[in-house]
Amino acid sequence: MRPTCLTMLLLFAGSAATAAAGAASAPVAPVEAARVLGSLSFEPCTLAAAGSPATVAAFCSTLAVPEDHARPAGRRIELAVAFVPSRAKQPRPDPVFMLAGGPGQSAHEAFPAAAGAFREILRQRHVVLVDQRGTGASHPLHCPGTDAEWAAAADPAGARALAARCLAGLDADPRFYTTSDAVLDLEAVRRALGAAQVNLVGGSYGTRVALEYLRRYPDRTRTVVLDAVVPPELALGSEHARNLESALDAHFALCEADAACRGQFGPPRVALDRLLEELRRVPRKVRYRDPVTDEVREDELTAATVAGVVRLYAYAPQLAAMVPRTLAEAAAGRPEVLMAQARMVDELVGEQFAQGVQLSVICAEDAGRLRVDRADERTLLGTGFVEVLLAQCEVWPRGRRPADFDRPVQSDRPVLLLSGELDPVTPPRYGEAVVRHLPNGRHLVLRGQGHSVMATGCTPRLVGRFIDTADARGLDAGCLDRLAAPPPFLGSFGWGP
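Residues numbered from 1 in each chain as written. Predicted model: local features only at pLDDT ≥ 70, side-chain atom pairs only at ≥ 80, totals over all residues. Heavy atoms only, no water.

Trainee: Residue-level account of the overall build of the chain, with values.
Mentor: Helices and strands together make up the secondary structure of the chain, namely 17 helices and 12 strands. Looking at the 497 residues of the chain, the share that counts as buried comes to 59%. Of the contacts formed within the chain by residues at least 6 apart in sequence, a portion of 76% connects residues at least 24 apart. Carbon and sulfur atoms make up 50% of the accessible area of the chain, which amounts to about 19,400 Å² in all. (Helix = DSSP H or I, 4+ residues; strand = E, 2+ residues; numbered from the N terminus. Buried < 20%, exposed > 50% of the residue type's maximum accessible area, 1.4 Å probe, protein only. Contact = heavy atoms within 4.5 Å. Areas by Shrake-Rupley, 256 points an atom, 1.4 Å probe, with all protein chains shown as cover.)

This is the structure:
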């Protein structure tokens, strides 16, 4: 089981939800000459992620910072910093910092899939991308072993051994790769750029970083956008099982309310439970075509494989719409599509996250608040997720967590919060909890949508308008009323007429 909690599908679901917008309107132009912002010199570069065809022209630089900010004369590490240039002749002086998810995702790698969501922002402002320390090209904390090995480590002993092996091979002190350290890095980048204030756009775990920066540097923060909100009070992973069940109930209800879906596939929950029960007794060998290479493969279909696909597809409603048909086919003895989907998820998501950063963040900030809830044993995710995290944190060094880290952030800065109605990991109630402490905040819930919604419908325009005006309450968000969950797939080519 992967140790990540909020963002296993941030890149994958974001790519699926924004592929058309990102490809059609990616706000890039040829970059030909070096540029200087503040004290940093930038060279032309291309942003890309492994396994994705999307690329974005940008400028790249580095900034040396102390590994331990409390010892500025000690060891230093290089932060990878990039900016995507605004299309304005005279960009506004307050750039937008995009804060990637995870913990463990590279901002440089995440941006190409999300570029469509920033098209309005780039009309007036540069978008700055800092690979959080330990991710991407910022002294990455990658662990040995394949992504499949980490995903398969469902027992605490195996997970603990993987973490210990990773720790032994790191050229870093993992105590200094936490959210608090990342916030100090962001402030160092802001100073180096010479920007009096910045605008923050955080997604999923990136909302934790954004809120912590707002707490520490309110005067340096002009506006904040929180997409898929993580409240400071939340211990990452503590409610994953419960939240997933609620989202699945809502998705399955869409099928049961649709006469064609109900008639063709029956209750999806019944098909899921029957399939899981069968596979727990006897896993199946399945021959299928690899969706990436088209080669014929044979792999084992297990209950864990099914649970993984269902969980990950719940992140994006376009993918969740496929689940009732896929489950019904597999339960009827035709699991080839399900097996291919599992393979596709593994190929697209694998290697996108730095496991060492995930552990540094979670072990320092969340492990002390995590408890195994026996009520989760009856859920799809079960208790294994929390058990694995706690086992890994037994051997992982823990960094600092400020005394007020898990308290609500109170601020009068303008904040726009975005939630998907069907988000299986950061449901709308999280946004509601955070906005209560933000008198100039506004929370928008996008009907029928999942995790990470900034690229959906008219939202890019609303976000661009908010950052321009610094006024969340004055936004006319009526364009969001047209949103709805996609109808369930009825066949291989999607939903019916």
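Trainee: Provide a residue-level description of empty space enclosed by the protein, including the pertinent values.
Mentor: Where empty space is left becomes clear once a probe the size of a water molecule has been rolled over the atoms. Using the criterion set out here, one finds 8 cavities of 30 Å³ or more in the structure. Quantified by volume, the second largest cavity comes out at close to 110 Å³. Taken together, 14 residues form the lining of the second largest cavity, with Leu 99, Val 130, Asp 131, Gln 132 and Leu 186 sitting closest to its centre. Secondary structure elements with two or more residues in the lining of the second largest cavity: β5 (96-99) and α5 (179-193). Across the lining of the second largest cavity, the residue classes tally to 9 nonpolar, 2 polar and 3 charged. (1 Å grid on protein atoms, 1.4 Å probe; cavity = no way out; pocket = protein on both sides within 12 Å on 5 of 7 lines; lining within 4 Å. Points joined across faces, edges and corners; volume = space filled by probe spheres on them. Nonpolar A, V, L, I, M, F, W, Y, C, P; charged D, E, K, R; others polar.)

Trainee: Break down the packing of aromatic side chains for me, citing the residues and quoting the values.
Mentor: Within the structure shown, the criterion is met by 4 aromatic pairs. On the basis of an interplanar angle of 85 degrees and a centroid distance of 5.0 Å, the ring pair of Phe 42 and Phe 83 is categorised as edge-to-face. Of the two residues, Phe 42 is situated in strand β2 (residues 40-48) and Phe 83 in strand β4 (residues 76-84); the sequence distance between them amounts to 41 residues. For the pair formed by Phe 42 and Phe 83, the shared burial category is buried. Relative to Tyr 217, the ring of Tyr 213 lies with its centre 5.1 Å away and its plane at 40 degrees, an arrangement referred to as tilted. Tyr 213 sits in the buried class, given a relative accessible area of 1%. Of the aromatic side chains, those joined through ring pairs into one cluster are Phe 42, Phe 59 and Phe 83. Between the NZ or CZ atom of Arg 133 and the centre of the ring of Tyr 177, over which it lies, the distance is 5.5 Å. (Phe/Tyr/Trp six-rings, centres within 6.5 Å; stacked < 30°, edge-to-face > 60°. Lys NZ or Arg CZ within 6 Å of the ring centre and 35° of its normal.)

Trainee: How would you sum up the pairing of β5? Please name residues and give values.
Mentor: Alternating residues of β5 divide into Val 96 and Met 98 and Phe 97 and Leu 99, and every residue in both groups is buried. Strand direction decides the pairing type here: β5 and strand β6 (residues 127-130), joined by 3 bridges, are parallel. Bridge assignment links Phe 97 to a residue of β6, and that residue is Val 128. Handedness of the β-α-β unit built from β5, helix α2 (residues 107-114) and β6 comes out right-handed. Here β5 runs beside strand β7 (residues 198-203); their pairing, made up of 4 bridges, is parallel. Note that in β7 the partner of Met 98 across the bridge is Val 201. (Pairing = 2+ DSSP bridges. Right-handed = clockwise from strand over helix to strand, strands pointing away.)

Trainee: Can you break down the state of the cysteines residue by residue, with the values?
Mentor: Taken as a whole and assessed by the stated rule, the structure comprises 5 disulfides. Through a disulfide, Cys 363 is tied to Cys 393; the S-S separation comes to 2.1 Å. Sign of the S-S torsion, about -85 degrees for the bond between Cys 363 and Cys 393, identifies this disulfide as left-handed. One end of the pair, Cys 363, is in helix α14 (residues 355-365); the other, Cys 393, is in helix α15 (residues 384-393), and 30 residues separate them in sequence. What makes Cys 393 buried here is its relative accessible area of 3%. The connectivity of the disulfide bonds within the chain can be written as 1-2, 3-4, 5-6, 7-8, 9-10, using the sequence rank of each bonded cysteine. (Disulfide = S-S within 2.5 Å.)

Trainee: Describe the environment of Val 96, with residues and values.
Mentor: Following the sequence through the fold, Val 96 ends up in strand β5. Accessibility expressed as a relative area gives 0% for Val 96, which makes it buried. Taking the C-alpha atoms as reference, Val 96 lies 8.8 Å from Ile 467; in sequence the two are 371 residues apart. The residues contacting Val 96, other than those within four sequence positions of it, are Phe 118, Ile 121, Arg 125, His 126, Val 127, Val 128, Asn 199, Val 201 and Ile 467.

Trainee: Provide a residue-level description of the side chain of Ser 86, including the pertinent values.
Mentor: Inspection of the secondary structure puts Ser 86 in the loop between β4 and β5. Residue classification places Ser 86 among the buried residues on the basis of a relative accessible area of 9%. A polar atom in the side chain of Ser 86 sits 2.9 Å from the backbone oxygen of Leu 122. Among the polar contacts made by the side chain of Ser 86, one reaches the main-chain amide nitrogen of Arg 125 at a distance of 3.4 Å. (Polar contact = N/O pair within 3.5 Å; in protein donor to acceptor, adjacent residues only side chain to side chain.)

Trainee: Please provide a residue-by-residue account of helix α4 (residues 156-168), values included.
Mentor: Along an α-helix, residues three or four positions apart point the same way, because every turn accommodates 3.6 residues. Taking 1.5 Å as the rise per residue, α4 with 13 residues should run 18 Å; its terminal C-alpha atoms sit 18 Å apart, in good agreement. Listing the buried residues of α4 in full gives Ala 159, Leu 162, Ala 163 and Cys 166. Looking down the long axis of α4, one finds its buried residues gathered within 95 degrees of arc, a one-sided arrangement. (Expected span 1.5 Å × (residues − 1). Arc of directions from axis to C-beta.)

Trainee: Before we move on, can you summarise the pattern of salt bridges with the specific residues and values?
Mentor: One pass over the structure, following the stated rule, counts 31 salt bridges. Across the pair Glu 120 and Arg 123 runs a salt bridge, and its minimum N-O distance is 2.8 Å. Since its relative accessible area comes to 22%, Glu 120 is described here as partly exposed. Looking at Arg 123, the relative accessible area reads 44%, which means it is partly exposed. Ionic pairing is found between Asp 290 and Arg 343, a salt bridge with its closest N-O pair at 2.8 Å. Linking Asp 290 in the loop between β9 (284-289) and β10 (296-301) with Arg 343 in helix α13 (residues 336-349), this pair joins segments that are 53 residues apart in sequence. Take Asp 290 and Arg 343: they sit in the same class, and that class is buried. Here the residues in one salt-bridge network are Asp 94, Arg 125, Arg 222 and Asp 468, joined through shared partners. (Salt bridge = Lys/Arg side-chain N within 4 Å of Asp/Glu carboxyl O.)

Trainee: Hey, could you go over the packing of α4 against α15 for me, with residue numbers and the actual values?
Mentor: Direction vectors running N to C along α4 and α15 enclose 40 degrees, while the axes themselves pass 8 Å from each other. In terms of orientation, α4 and α15 fall into the oblique class. When the axes of α4 and α15 are compared, the crossing they make is right-handed. Of the residues in α15, those touching α4 at Pro 156, Ala 159, Arg 160 and Ala 163 are Glu 387, Val 388, Ala 391 and Gln 392. (Axes fitted to C-alpha atoms, helices over the stretch in contact; angles between N-to-C directions. Parallel < 35°, antiparallel > 145°, perpendicular 65-115°, else oblique. Left-handed = near helix turned anticlockwise from the far one by under 90°.)

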